[in-house]
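Summary of the model geometry
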Amino acid sequence: MLTSGAGAVGVTAVVAALLTACTPSASESAPAATAAGGLDLVVSPHPDDELEAWSLLAEEPGAYTVFVTLTLGEATVNCDPAEVERSTQTAWGELAPAPPPQGPGTDSCKQARTASWNAFLDAAAESDPHLPVLGDAPAPSVELAGHPARVRVADGGARVAVDGGDGELTADGVVEVVEAVLDLRGGRLPDLPLRRVVGASYANDAPDAGVNRAADGTCTSHPCEGDPRYAEYEHPDHWAVREALLDHDLGARDGTCVATWPSDPAATRTAEVPVATYEALTGLGERVDPADPQSLARQGAFQRAYGWLAFPETYWPQTELPVPDADGNPLIMARVQTFACR
């Protein structure tokens, strides 16, 4: 999203992406893969949050990377057909959601968001060679901690899409699902030691931003201990992932880190997405329509695959740090990222 101070960055890379829908399969074979670094688990609450932790992937490559989305993001208002029509800008380079979503909570919404997730990760891999392009790899159905899920594997990494209920995650439930994913090692996933767990789950309960507050001034979900200088984001699914990963030892050799705001007292490290990588993911070009400031060409993989979900603009504003925009909207897809680690 924006720059610290909401400045846009120029575009230097164009990433081509094709929407790839999950395809059911009965395949049970694990990939014949090894990775000297071990296995990395990137855990996000919804399909599109993974960018919040991208700096650690860029900083420490060399592992078999498993992306896990704990929900299919079906609660989004962007799945309303009228909203899809308003927010999808194919003439400016965005990929239309497929299948066309028929409303929040519908199977078509789940399928469209999962397809966009796969499209983004495949396109991102084009500019990040240590990540695999899964393309049309099969997506067999499994059950993980009581939730339906699909697992897609390749020699360089895997993706696990869990239908855990958008807006319904709990910390205990997150732990159960993550442990179930780890139990797939030696079966669907390669039997590798867990190197680290990364939570792509930014959350900040800023006290003065005026969002998610009760009449008495208290935060409705958590004590107001955040920092209003940074983007306020109090989605309960994000808090569930944060609490689960920071309160539970999953046995990762290099520990567990979760995205957070820069002044979080729990913060222990900062990492940067390289400028060229950030451009390849979030880059914007010149106006397609000279009279329309929203018509910037969608060139980055994130802009193209997730443009129909963009917030708060019709595109994802770039941002150096996670900050509120001029209207107080949270800009959390930052280039410079902070983590609380255990």
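These lines cover the structure that appears in this document, whether it is placed above or below.

**Considering the sheet that holds strand β2 (residues 64-69)**
With mixed pairing, 9 strands are arranged side by side in an open sheet as β3-β4-β5-β2-β1-β6-β7-β13-β8. Lying at the two open borders of the sheet, with one neighbouring strand each, are β3 (141-144) and β8 (267-272). Across the sheet, the mean angle from the axis of one strand to that of its neighbour is 25°, orientation sign disregarded. Pairing of strand β6 (residues 194-199) with strand β7 (residues 256-260), which is carried by 3 bridges, proceeds in the parallel orientation. When the bridges of β7 are listed, G199 appears paired with V258. Against the sheet, helix α3 (residues 107-126) touches β2, β4 (147-153) and β5 (157-162), its axis set at about 160° to β5. Running over the sheet, helix α5 (residues 236-247) touches β1 (39-44), β6, β7 and β13 (336-341) and is turned about 150° from β7.

**Focus on the pattern of salt bridges**
Taken as a whole, this structure holds 13 salt bridges when the rule is applied. Where D40 meets R195, a salt bridge forms, and the shortest distance between an N and an O atom there is 2.7 Å. One end of the pair, D40, is in strand β1; the other, R195, is in strand β6, with 155 residues separating them in the sequence. Note on accessibility: D40 and R195 belong to one class, buried. Within the structure, one salt-bridge network assembled from shared partners comprises D40, R195 and R196.

**Comments concerning a negative patch on the surface**
A surface patch of negative charge is lined by D172, E176, E179 and D183. By secondary structure assignment, the location of D183 is in the loop between α4 (171-182) and β6. Among the residues examined, D183 registers a relative accessible area of 65% and is labelled exposed.

**A look at the packing of α4 against α5**
Running from N to C, α4 and α5 point in directions that differ by 65°, and their axes come no closer than 8 Å. In terms of crossing hand, the pair formed by α4 and α5 is right-handed. Contacts between α4 and α5 involve A171, V174 and V175 from the former and A240, V241, E243 and A244 from the latter. Of the residues contributing to the contact of α4 with α5, the split by class is 6 nonpolar, no polar and 1 charged.

**What about the packing of aromatic side chains?**
Considering all chains together, one arrives at 6 aromatic pairs under this definition. Seen in terms of ring centroids, F302 and W316 are 5.2 Å apart; in terms of plane orientation they differ by 70°. Their pairing is edge-to-face. Taken as a pair, F302 in helix α7 (residues 301-306) and W316 in the loop between α7 and β11 (323-324) lie far apart in primary sequence, 14 residues in all. With respect to class, F302 is no different from W316; both count as buried. Taken together, the ring pairs in this structure connect W54, F67, F120, F302, Y306 and W316 into an aromatic cluster.

**Re α3**
Compared with the 28 Å implied by 1.5 Å per residue over 20 residues, the 29 Å span of α3 between its first and last C-alpha is a close match. In terms of burial, α3 is a largely internal element, 17 of the 20 residues being buried.

**Describing unusual backbone geometry**
Here the bond from A98 into P99 is cis, since omega is 0°, no more than 30 degrees from zero. Within the secondary structure, P99 is located in the loop between α2 (81-87) and α3. Note that the residue after F311, namely P312, is joined by a cis bond; omega there is 0°. Relative to the elements of secondary structure, P312 occurs in the loop between α7 and β11. Of note in this structure, D48 is not a glycine but carries a positive phi near 130°. Considering the arrangement of structural elements, one finds D48 in the loop between β1 and α1 (54-59). D48 sits in the buried class, given a relative accessible area of 8%.

**Notes on the state of the cysteines**
As enumerated under the stated definition, the model contains 2 disulfides in all. There is a disulfide in this structure between C257 and C341, and the S-S distance comes to 2.0 Å. Here the disulfide of C257 and C341 is right-handed, its torsion about the S-S bond being about 110°. With C257 in strand β7 and C341 in strand β13, this residue pair connects regions lying 84 residues apart in the sequence. Relative accessible area serves as the criterion here: at 6%, C257 is assigned to the buried category.

Conventions adopted
Residues numbered from 1 in each chain as written. Predicted model: local features only at pLDDT ≥ 70, side-chain atom pairs only at ≥ 80, totals over all residues. Heavy atoms only, no water. Pairing = 2+ DSSP bridges. Helix = DSSP H or I, 4+ residues; strand = E, 2+ residues; numbered from the N terminus. Axes fitted to C-alpha atoms, helices over the stretch in contact; angles between N-to-C directions. Contact = heavy atoms within 4.5 Å. Salt bridge = Lys/Arg side-chain N within 4 Å of Asp/Glu carboxyl O. Buried < 20%, exposed > 50% of the residue type's maximum accessible area, 1.4 Å probe, protein only. Patch = residues over 30% accessible without salt bridge, like charges linked within 9 Å, V, L, I, M, F, W, Y side chains within 5 Å. Areas by Shrake-Rupley, 256 points an atom, 1.4 Å probe, with all protein chains shown as cover. Lys, Arg positive; Asp, Glu negative; His and termini not counted. Charge placed at Lys NZ, Arg CZ, Asp CG, Glu CD. Left-handed = near helix turned anticlockwise from the far one by under 90°. Nonpolar A, V, L, I, M, F, W, Y, C, P; charged D, E, K, R; others polar. Phe/Tyr/Trp six-rings, centres within 6.5 Å; stacked < 30°, edge-to-face > 60°. Expected span 1.5 Å × (residues − 1). Disulfide = S-S within 2.5 Å.

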